[in-house]
Amino acid sequence: MATTDAPTPTHAAPAAANARRPAGRRTGGEDPLLAIERGETPPSEIHDGVLAEEPVLEIEHFDFWYGDVQALYDISMNVPRGKVTALIGPSGCGKSTLLRSVNRLNDLIAGVRVEGDMRLGGDSIYARGVDVIELRKRMGMVFQKSNPFPMSIYENVVYALRIDGERRKSVLDEVCERSLRGAALWDEVKDRLDELALGLSGGQQQRLCIARAIAAEPEVLLMDEPCSALDPIATGKIEDLIDQLRGDYTILIVTHNMQQASRTSDFTAFMYLGRMIELGTTEEIFTNPHLKATEDYITGRFG
């Protein structure tokens, strides 16, 4: 398989990977925030409910640097297949950096460096020779601000198929309708498919971007604070859509809104200063977290 010409980060596998701690369950012990204040990386608290799920995405001992500045520290977590996993934590804790590492968008930034690995469906994301373009076809991405292309609604949805060489109108029509229905937008735009997408409302534009993302039937749908620029009504529609998409798609979502995480996700990961503090079912994280640090963040004592 040909590799892309896109810049790739410096990647070095850990020299003693077998000697590093495995991801696993931890109870009790020192407050992890105290260890972080000393510059250490405490072991993550991984609940049994996560370990019991079949993963579609596996992140193993993943470290990330912007130049000399380390942004992620020894992240190990599984993202369960067909479920919604939310990343929460204070601003600047590394949520978006981790999300954008999954489809290697951070490769576009000069000087980035990674250690460890991620695997999508068992295939290494950071192995040498990986075709990044082909990798990104296996993922859909929805950004914080809706970014429809300056073309028709129809062409926005089928864009990925067009650039992949699909020209059969029957196939494009089918994918367009299926994707817009999947994004709960078909009934609102079915008579306007030839109109410019930029004429849609903000909430409709974001649902159009979701339709565009799912048109290629990705294995994972990545969402980076998809509701932060929307009003409450549009936010409610996006949250309803996420609920409808679960099962058909594996969704990894970054959100600054803990209430949104509690409403929409099956699993929640709490991050702090580039470390994975605790990962469990959303019900446990919000009602019975294992760590006081997680409880303090959830209840608003810091962050």
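Residues numbered from 1 in each chain as written. Predicted model: local features only at pLDDT ≥ 70, side-chain atom pairs only at ≥ 80, totals over all residues. Heavy atoms only, no water.

Asker: Which residues make up unusual backbone geometry, and what values go with them?
Answerer: Positive phi, close to 50°, is recorded for Asp74, a residue that is not glycine. Tracing the sequence through the fold places Asp74 in strand β4 (residues 69-80). Using a relative accessible area of 11% as the deciding quantity, one classes Asp74 as buried. Of note, the phi angle at Glu217 is positive, near 50°, even though the residue is not glycine. Within the secondary structure, Glu217 sits in the loop between α9 (202-214) and β9 (220-224). (Helix = DSSP H or I, 4+ residues; strand = E, 2+ residues; numbered from the N terminus. Buried < 20%, exposed > 50% of the residue type's maximum accessible area, 1.4 Å probe, protein only.)

Asker: Requested: an account of the sheet that holds strand β12 (residues 275-281), with residues and values cited.
Answerer: Within the open sheet, the 7 strands sit side by side as β2-β12-β11-β5-β10-β9-β8. Their pairing is mixed. The open sheet has two edge strands with one neighbour each: β2 (45-46) and β8 (139-142). Bridge analysis of β2 against β12 gives 2 bridges, and the strand direction is parallel. Paired with Ile46 across the strands is Leu279, a residue of β12. Contacting β5 (84-88), β9 and β10 (250-254), helix α10 (residues 232-245) runs over the sheet at an angle of about 150° to β10. (Pairing = 2+ DSSP bridges. Contact = heavy atoms within 4.5 Å. Axes fitted to C-alpha atoms, helices over the stretch in contact; angles between N-to-C directions.)

Asker: Explain α10 to me, and be specific about the residues and the numbers.
Answerer: For α10, spanning 14 residues, the distance from its first C-alpha to its last is 20 Å, which sits close to the expected 20 Å at 1.5 Å a residue. Along α10, the positions that sit buried rather than exposed are Ala234, Thr235, Ile238, Glu239, Leu241, Ile242 and Leu245. The buried residues of α10 occupy an angular sector of 155° when the element is viewed end-on, so they sit on one face. Exposed residues lying more than 90 degrees from the buried face of α10 are Pro232 and Ile233. Where α10 is buried, its residues touch β5, α7 (169-182), α9, β9, β10 and α11 (258-264). Its side-chain oxygen placed 3.0 Å from the backbone nitrogen of Ile233, Asp231 serves as the N-cap of α10. Directly after α10, the chain includes Gly247, whose backbone phi takes a positive value near 95°. (Expected span 1.5 Å × (residues − 1). Arc of directions from axis to C-beta. Polar contact = N/O pair within 3.5 Å; in protein donor to acceptor, adjacent residues only side chain to side chain.)

Asker: Which residues make up the pairing of strand β6 (residues 112-120), and what are the values?
Answerer: Counting buried positions along β6 yields 7 of 9 residues, so the element is predominantly enclosed. With 8 bridges joining them, strand β3 (residues 55-66) and β6 adopt antiparallel strand pairing. Counted as the bridge partner of Glu58 is Arg119 from β6. One ladder, built from 2 bridges, connects β6 with strand β7 (residues 123-124); its direction is antiparallel. Its bridge partner lying in β7, Leu120 is registered against Asp123.

Asker: Now, about the confidence of the model for the protein chain: what can you tell me, with residues and values included?
Answerer: In the predicted model, the protein chain carries a mean pLDDT of 90, and the fraction of residues at 70 or more is 90%. The model gives residues 1-8 a pLDDT under 50, and that stretch makes 13 contacts with residues more than four places away or in other chains. Of the regions scoring below 50 in pLDDT, residues 12-27 engages in 30 contacts with residues more than four places distant in sequence or in other chains. (pLDDT = per-residue confidence, 0-100.)

Asker: Mind laying out α7, listing which residues take part and the relevant values?
Answerer: With 14 residues, α7 ought to run about 20 Å at 1.5 Å a step, and its terminal C-alpha atoms sit 20 Å apart, in line with that. Of all the residues in α7, the buried ones are Leu172, Val175, Cys176, Ser179 and Leu180. The buried residues of α7 occupy an angular sector of 120° when projected down its axis, which confines them to one face. Structural note: α7 exposes Ser170 and Glu174 on the side pointing more than 90 degrees away from its buried face. Those residues of α7 that are buried lie in contact with α5 (153-157), α6 (159-163), α8 (186-189) and α9. Looking one or two residues past α7, Ala184 carries a phi angle of roughly 55°, positive in sign.

Asker: So what's going on with the packing of aromatic side chains? Residues and values would help.
Answerer: On inspection of all chains with the given rule, the structure shows 7 aromatic pairs. Three or more aromatic residues link up through ring pairs in this structure, and these residues are Phe270, Tyr272, Tyr297 and Phe302. We note Arg113 situated over the ring of Trp65; from NZ or CZ to the ring centre the distance is 3.8 Å. For the cation-ring pair, Arg275 lies above Tyr73, with the distance from its terminal atom to the ring centre recorded as 3.7 Å. (Phe/Tyr/Trp six-rings, centres within 6.5 Å; stacked < 30°, edge-to-face > 60°. Lys NZ or Arg CZ within 6 Å of the ring centre and 35° of its normal.)

Asker: Which residues make up the layout of surface pockets, and what are the values?
Answerer: Computed from the structure, the largest pocket encloses a volume of approximately 770 Å³. Surrounding the largest pocket, 21 residues form its lining, Arg136, Lys137, Met139, Ala160 and Ile163 being those nearest its centre. Only α4 (132-137), β8, α6 and α9 provide two or more residues apiece to the lining of the largest pocket. Of all the elements, α6 adds the most residues to the lining of the largest pocket, at 4 residues. (1 Å grid on protein atoms, 1.4 Å probe; cavity = no way out; pocket = protein on both sides within 12 Å on 5 of 7 lines; lining within 4 Å. Points joined across faces, edges and corners; volume = space filled by probe spheres on them.)

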